[in-house]
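# A structural walkthrough
One-letter residues, chain by chain:
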Amino acid sequence: QVHLVESGGGLAQTGDSLRLSCATSGGALTRYSTGWFRRAPGKERELLVTITWVGGITYYEDSVKGRFTISKDSAGNTVSLQMNRLQPEDTAVYSCAIQTAYRSDWSYFGQGTQVTVAS
């Protein structure tokens with residue numbers, strides 16, 4: 001059974017940086033891409049950034065472009081999200097998930113990690 005586990009969240013001040021990690025465990029998995037999502041209080045979950053397993057092609061949603069950077073280790077078992085210049089509107093639960101094929105549904109969501117940015 002594959003599991004994704006997020007870590008690295010916490011309390012930050014406006015302008016601070018945090019680095020989140022998404023670790024994969026539990027077995028072999030065919031991956032097309034890994035994505036980071038967030039759900040702010042009272043809002044729908046939104047996709048922020050993605051990175052493909054092959055080629056490391058990235059996508060950034062406009063609200064985080066230039067501030068957040070996604071990366072993966074050489075084995076692809078850990079995908080990180082470097083978040084710089086944090087703003088109060090970045091406060092949310094951040095989670096990661098996997099696409100097993102191009103344009104397939106996102107699956108294997110982790111429990112998430114809370115990020116709170118104080119003004």
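Look up: the structure comes first, before these words.
In this report, we go over the structure that sits alongside the text. Everything numeric in this text was worked out from a predicted model, so none of it was measured.

Within the protein, the secondary structure is distributed over zero helices and 11 strands. In the protein, the succession of helices and strands from N to C terminus is β-β-β-β-β-β-β-β-β-β-β. What you see for the protein is a C-alpha radius of gyration of 14 Å, in line with the 14 Å of a compact globule of 119 residues. Here the C-alpha coordinates of the protein stretch approximately 40 × 25 × 25 Å along the principal axes. Sorting the 119 residues of the protein into buried and exposed places 38% on the buried side.

Scanning the model with the defined rule gives four salt bridges in all. Note that arginine 38 and aspartate 90 form a salt bridge whose closest N and O atoms lie 2.9 Å from each other. Within this pair, whereas arginine 38 is found in strand β4 (residues 33-39), its partner aspartate 90 is found in the loop between β8 (78-83) and β9 (92-99), the two being separated by 52 residues in sequence. The exposure class of arginine 38 is buried, given its relative accessible area of 6%.

Rules of the game
- Residues numbered from 1 in each chain as written.
- Predicted model: local features only at pLDDT ≥ 70, side-chain atom pairs only at ≥ 80, totals over all residues.
- Heavy atoms only, no water.
- Helix = DSSP H or I, 4+ residues; strand = E, 2+ residues; numbered from the N terminus.
- Rg over C-alpha atoms; globule rule 2.2 N^0.38 Å.
- Buried < 20%, exposed > 50% of the residue type's maximum accessible area, 1.4 Å probe, protein only.
- Salt bridge = Lys/Arg side-chain N within 4 Å of Asp/Glu carboxyl O.

What is shown is where atoms sit, not what they do.
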